[in-house]
Amino acid sequence: MNGNRNNENGGMSGTLDVSRFPVARRWYHRALFSCLKSVCRRRLDLRAEGLENIETGKRYLYCPNHQTFFDGFFVWAALGDKCPKLDNIGGMAKAEHLDHRLTTFLMKMMGSIPVDRTGDTGGAIQRSIDFIKEGHNFMIHPEGTRTKTGELGPFKKGAAHIALAAGVTILPVAISGGFEIWPYNRKRPQTRDENGRKQVLTVAFCPEVQTLGRSAEEITQEVRDKIERRLGERN
């Protein structure tokens, strides 16, 4: 993926080289990551379900539904002691985040690989595959964008293709309550409800989806079905 974007430090135009991503995490990335996970647990009524579906030490491609800008933090925070080390996680994020210094910093911290959703995505996809093959965990939102209505949107097949190429198992993740906390059109999260109580945020880790010998269409449908079923159980 090439194009005119800010460089990894933000603020300067240049050609984006996805091979540089994810960038090496530094001590201040680790400190802020730990702090943000603690804030999530402290400011919200964060409820983790299905942790028994996660095998300690196993690589996964985590596929959560996409309700808020902070969904990645919510997932890693909900994992608790099963959360991989920061240097061992990555994900995909839209390249537009590199146009702003704050989101550029957050992308670097989260190990994000920028993808140009309007152009050539091949470089970002291949870098994601290589990063997973190097032994890392990864996160992709199959919807590709945050929900604007609170409802589950259509799933794209990109996560399934990456999982097949990287030889990794997919772990569907159902997030509920996030849209009430931080909907698409709100600038800041609202961590308390109208009665002053902590907002409930549930992160449910569904049983894993095997990928070997299956089609991307079949895998994608199973991932969506498991998330949709888990969200339906909460309504």
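The model shown is predicted, which means the values in this text are computed figures rather than measured ones.

Concerning the overall build of the protein
Reasoning step 1: Summing up its helical and strand segments, the protein has seven helices and nine strands in all.
Reasoning step 2: Its C-alpha atoms give the protein a radius of gyration of 17 Å, near enough to 18 Å, the size a compact globule of 235 residues would have.
Reasoning step 3: For the protein, the spread of C-alpha atoms along the principal axes amounts to about 50 × 45 × 35 Å.
Reasoning step 4: Looking at the protein alone, contacts between residues at least 24 apart form 74% of all its contacts between residues at least 6 apart.
Reasoning step 5: Accessible area for the protein stands at about 11600 Å²; split by element, carbon and sulfur atoms hold 48% of it.

A word on the pairing of strand β5 (residues 89–94)
Reasoning step 1: Where β5 and strand β7 (residues 137–139) come together, three bridges link them in parallel fashion. Bridging across to β7, I89 finds its partner in N137.
Reasoning step 2: Taken together, the four bridges between β5 and strand β6 (residues 112–115) define a ladder with parallel strand orientation. The partner of A93 across the bridge, within β6, is P114.
Reasoning step 3: Crossover β5 to β6 through helix α3 (residues 101–110) is right-handed.

Digging into the pattern of salt bridges
Reasoning step 1: Counting across every chain of the model gives 12 salt bridges.
Reasoning step 2: Across the pair R197 and D193 runs a salt bridge whose closest N-O atoms are separated by 3.6 Å.
Reasoning step 3: Through salt bridges with shared partners, a single ionic network connects R214, E218, E222 and K226.

Re the nonpolar core
Reasoning step 1: Core analysis: the biggest nonpolar cluster contains 35 residues, and L61, F138, I170, V223 and I227 have the highest contact counts within it.
Reasoning step 2: Breaking this core down by element, the ones donating at least two residues are β4 (60–64), β6, α4 (122–133), α5 (158–166), β8 (169–176) and α7 (216–233).
Reasoning step 3: Once residues lying within four places of it in the same chain are set aside, the contact partners of V223 are C63, F155, I170, P172 and V209.
Reasoning step 4: Counting 31 residues, the second largest nonpolar core, distinct from the first, contains L46, M110, V173 and V203.

Concerning the confidence of the model for the protein
Reasoning step 1: When the pLDDT values of the protein are averaged, the result is 92; 93% of them are 70 or greater.
Reasoning step 2: Low pLDDT, under 50, characterises residues 6–13; the stretch is placed with 19 contacts to residues that sit more than four places away or in other chains.

Describing the side chain of T68
Reasoning step 1: Take T68: it is sitting in the loop between β4 and α2 (71–78).
Reasoning step 2: With residues near it in sequence (within four places) discarded, T68 still touches F74, R146, G178, F179 and W182.

A word on the environment of N185
Reasoning step 1: Residue placement: N185 occurs in the loop between α6 (178–181) and β9 (200–205).
Reasoning step 2: Residues N185 and F70 lie 115 residues apart in sequence; the distance between their C-alpha atoms is 14 Å.

Some remarks on the packing of aromatic side chains
Reasoning step 1: A complete count under the given rule lists 10 aromatic pairs for this structure.
Reasoning step 2: Note on Y60 and Y62: the rings are 5.8 Å apart at their centroids and 65 degrees apart in plane angle, and the pair reads as edge-to-face. Here Y60 and Y62 have matching classes, each one buried.
Reasoning step 3: Here the aromatic rings of F69 and F70 are separated by 6.2 Å at their centres, their planes lie at 35 degrees, and the arrangement is tilted.
Reasoning step 4: F69 sits in the partly exposed class, given a relative accessible area of 30%.
Reasoning step 5: A connected cluster of aromatic rings, assembled from ring pairs, spans F69, F70, F73, F74 and W182.
Reasoning step 6: Residue placement shows K148 over the ring face of Y184; its charged tip is 4.3 Å from the ring centre.

Side note on the packing of α2 against α3
Reasoning step 1: At a minimum axis distance of 12 Å, the contact between α2 and α3 shows a crossing angle of 35 degrees. For the element pair α2 and α3, the recorded crossing hand is left-handed. Residues G72, F73 and W76 of α2 touch α3, and the partners they reach there are L106, M109 and M110.
Reasoning step 2: Looking at the contact of α2 with α3 residue by residue, the classes come out as five nonpolar, one polar and no charged.

The rules behind each value
Residues numbered from 1 in each chain as written. Predicted model: local features only at pLDDT ≥ 70, side-chain atom pairs only at ≥ 80, totals over all residues. Heavy atoms only, no water. Helix = DSSP H or I, 4+ residues; strand = E, 2+ residues; numbered from the N terminus. Rg over C-alpha atoms; globule rule 2.2 N^0.38 Å. Contact = heavy atoms within 4.5 Å. Areas by Shrake-Rupley, 256 points an atom, 1.4 Å probe, with all protein chains shown as cover. Pairing = 2+ DSSP bridges. Right-handed = clockwise from strand over helix to strand, strands pointing away. Salt bridge = Lys/Arg side-chain N within 4 Å of Asp/Glu carboxyl O. Core = buried A, V, L, I, M, F, W, Y, C linked by side-chain atoms within 4.5 Å. Buried < 20%, exposed > 50% of the residue type's maximum accessible area, 1.4 Å probe, protein only. pLDDT = per-residue confidence, 0-100. Phe/Tyr/Trp six-rings, centres within 6.5 Å; stacked < 30°, edge-to-face > 60°. Lys NZ or Arg CZ within 6 Å of the ring centre and 35° of its normal. Axes fitted to C-alpha atoms, helices over the stretch in contact; angles between N-to-C directions. Left-handed = near helix turned anticlockwise from the far one by under 90°. Nonpolar A, V, L, I, M, F, W, Y, C, P; charged D, E, K, R; others polar.

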